[in-house]
Amino acid sequence: MSEEYQSPVTLAELARMLMKLDDLLITCMRCGFCQSVCPVYGETFREADVTRGKIALLEDLAHELTLDADNVNDRLNRCLLCGSCESNCPSGVKIMDIFIRARAIVAGYRGLGAIKKLIFRTVLPRPRLFNFMIGVSSAFQWPFLRRASEKIGTSRAPILNPVLGHRHIPSLPSKTFSAAHGQIAEPGTNGQVALFPGCVPDKIFTQMSEASLKILKHHKVGVFMPDNLVCCGIPSLASGDIKSFIKLTSQNLAALAAKPFDYLVTPCATCGSNIKENWYRFIDRFSPAERTLIEQLHTKTLDITAYLVRVLKVDFKPVTNGTLAVTYHDPCHLKKGLGISAEPRAILKSLPGYKFVEMPEADRCCGNGGSFNLFHYDLSKSIGQVKRDNIVSVKPKIVATTCPACTLQLMDLLSQNKDEIEVKHVAELYAETL
Ligand code: SF4
Ligand code: SF4
């Protein structure tokens, strides 16, 4: 890790970040095309919530911070980082780059809250501690949980409502994927990948990681998963905690450097997009050896569905006689972030017994947005309700997706609406056929 990021953010560094931000802001033409696609603006109709309004705020960021840093922080955080605005911007404004850098400046100026500091700097960098905490929580969860939907696999936790806000949640597994497997070093004759499960498929939806491993082994791919991988860093980065983001990334790079691989494969759209784009975005903050690996990962990181279709060239032949209706939700980080949308559909259309049905606005954001869901739950839910209505309109038995954060949101939405529709990762459905 570079020396620079072992110290707190300095004034000189803040000034440098502000200058870099200014360079990015001047490309905005104020056309307002970003309005029509912004899920937050679609609910609130507030100019302050849409990209153009946020850019107006950022143009005088240094001054605004001295006036009311908390207000700046609140306004910036009313955003899902879904990328819908960027993919619809005719001027090619690097909006995600702007928002991420702006959040880092704001966090550098006003500091981080104690809970975020504890999570980002004490729990996330320690995989064994994190696994231990999940194990303990899993053992003691049942007295707190009340089944909400057998079909969807959700529960309510009434006693925790002040914290969970009436969410319908999945239960925790007794063991995380990484605790169950330790280091994985499966030999293979069909290429070599590093498997990066990501926190949620490792610690909550372990079936996504198990399915990915099963698929890779079925296709005789060599699989390497170090036992000291940590969070990809996106929660820290989205909160502006560059220091933790750099530290977590460095830890992952050291773990991944232990063995050569052709591709990094993940079942998590958000991790994939973060590793490919954000690790690379901040490449100048790393050591020369780390930069070499980050450059490789920029071109060699793929979500599991794209790996199967693009690299292994698995021949997914469409089936036409299936009856079990399955639809697909495009995670923003996969479609708008990485341009992957045909591959998961190709897999779903090939599954024996299933009939693929396209929902309206399949790539409309589900409203999760990571910490956005935590801090703006009502808004997250009302954005998600449109997604829920679109899912229900095509009467599927299953809604498939490729992002664990979207899965959490879809399970909550469908369960609260008493819809008997399962939510599964595309990899799970494919693995079931092998
Ligand atoms: S669409 Fe792009 S150029 Fe137009 S206002 Fe939004 S960010 Fe600026
Ligand atoms: S990233 Fe999404 S939520 Fe944020 S301003 Fe852009 S469109 Fe709106």
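A. Geometry of the pairing of strand β6 (residues 263-266). Going residue by residue along β6, you find Tyr263 and Val265 tucked away on one face and Leu264 and Thr266 tucked away on the opposite face as well. Pairing of strand β4 (residues 192-195) with β6 involves three bridges; the strand directions are parallel. Bridge pairing in β6 links valine 193 to tyrosine 263. Here β6 runs beside strand β7 (residues 301-303); their pairing, made up of three bridges, is parallel. Following the sheet pairing, valine 265 is matched in β7 by leucine 302.

B. View of the sheet that holds strand β3 (residues 184-186). An order of β3-β5-β4-β6-β7 is seen for the five strands of this open sheet, with the pairing classed as mixed. Edge positions in the open sheet fall to β3 and β7, since each of these has one partner strand only. Across the sheet, the mean angle from the axis of one strand to that of its neighbour is 30°, orientation sign disregarded.

C. Molecular detail of the site of ligand 1. Close to ligand 1 lie 14 residues; Cys28, Cys31, Gly32, Cys34 and Cys89 are nearest. Residue composition of the shell around ligand 1, by class: nine nonpolar, three polar and two charged.

D. Looking closely at the packing of helix α3 (residues 51-58) against helix α6 (residues 95-110). With their axes 12 Å apart at the nearest point, α3 and α6 run at an angle of 45° to one another. With respect to α6, the axis of α3 lies oblique. Crossing handedness for the pair α3 and α6: left-handed. Residues Thr51, Lys54, Ile55 and Leu58 of α3 lie in contact with α6, whose contacting residues are Ile95, Ile98, Phe99 and Ala102. Looking at the contact of α3 with α6 residue by residue, the class counts come to six nonpolar, one polar and one charged.

E. Inspection of the packing of aromatic side chains at higher detail. Counted under the stated rule, the structure contains four aromatic pairs. Each ring, one from tyrosine 41 and one from phenylalanine 45, has its centre 5.7 Å from the other, and the planes form 75°; the classification is edge-to-face. On the basis of relative accessibility, which here comes to 16%, the residue tyrosine 41 falls in the buried class. Taking the centre distance of 5.2 Å and the plane angle of 75° together, the rings of phenylalanine 316 and tyrosine 430 count as edge-to-face. Residue phenylalanine 316 is found in the loop between α17 (304-311) and β8 (324-328), and its partner tyrosine 430 is found in helix α23 (residues 426-432); the two are separated by 114 residues along the sequence.

F. Spotlight on the confidence of the model for the protein. In the predicted model, the protein carries a mean pLDDT of 92, and the fraction of residues at 70 or more is 98%. Counted against residues more than four places away or in other chains, residues 1-8, with its pLDDT under 50, gives 17 contacts.

G. Just the nonpolar core, in detail. Residues Ile98, Leu256, Leu297, Tyr307, Leu308 and Leu348 are the most contacted members of the largest nonpolar core, which totals 120 residues. At nine residues, α6 tops the list of elements feeding residues into this core. Discounting chain neighbours no more than four positions away, the residues touching leucine 256 are Ala194, Phe224, Pro226, Leu229, Phe261, Leu264, Trp279, Leu293 and Leu297. By size, the runner-up hydrophobic cluster in this structure holds ten residues, among which are Ala107, Phe120, Leu124 and Cys231.

H. Representation of the environment of threonine 206 within the structure. Here threonine 206 lies in helix α12 (residues 206-218). Its relative accessible area of 16% is what places threonine 206 among the buried residues. Excluding anything up to four places from it in sequence, threonine 206 contacts Pro173, Lys175, Thr176, Phe177 and Pro201.

Each value, and the rule that gives it
- Residues numbered from 1 in each chain as written.
- Chains lettered and ligands numbered in written order.
- Predicted model: local features only at pLDDT ≥ 70, side-chain atom pairs only at ≥ 80, totals over all residues.
- Heavy atoms only, no water.
- Buried < 20%, exposed > 50% of the residue type's maximum accessible area, 1.4 Å probe, protein only.
- Helix = DSSP H or I, 4+ residues; strand = E, 2+ residues; numbered from the N terminus.
- Pairing = 2+ DSSP bridges.
- Axes fitted to C-alpha atoms, helices over the stretch in contact; angles between N-to-C directions.
- Near = heavy atom within 4 Å.
- Nonpolar A, V, L, I, M, F, W, Y, C, P; charged D, E, K, R; others polar.
- Parallel < 35°, antiparallel > 145°, perpendicular 65-115°, else oblique.
- Left-handed = near helix turned anticlockwise from the far one by under 90°.
- Contact = heavy atoms within 4.5 Å.
- Phe/Tyr/Trp six-rings, centres within 6.5 Å; stacked < 30°, edge-to-face > 60°.
- pLDDT = per-residue confidence, 0-100.
- Core = buried A, V, L, I, M, F, W, Y, C linked by side-chain atoms within 4.5 Å.

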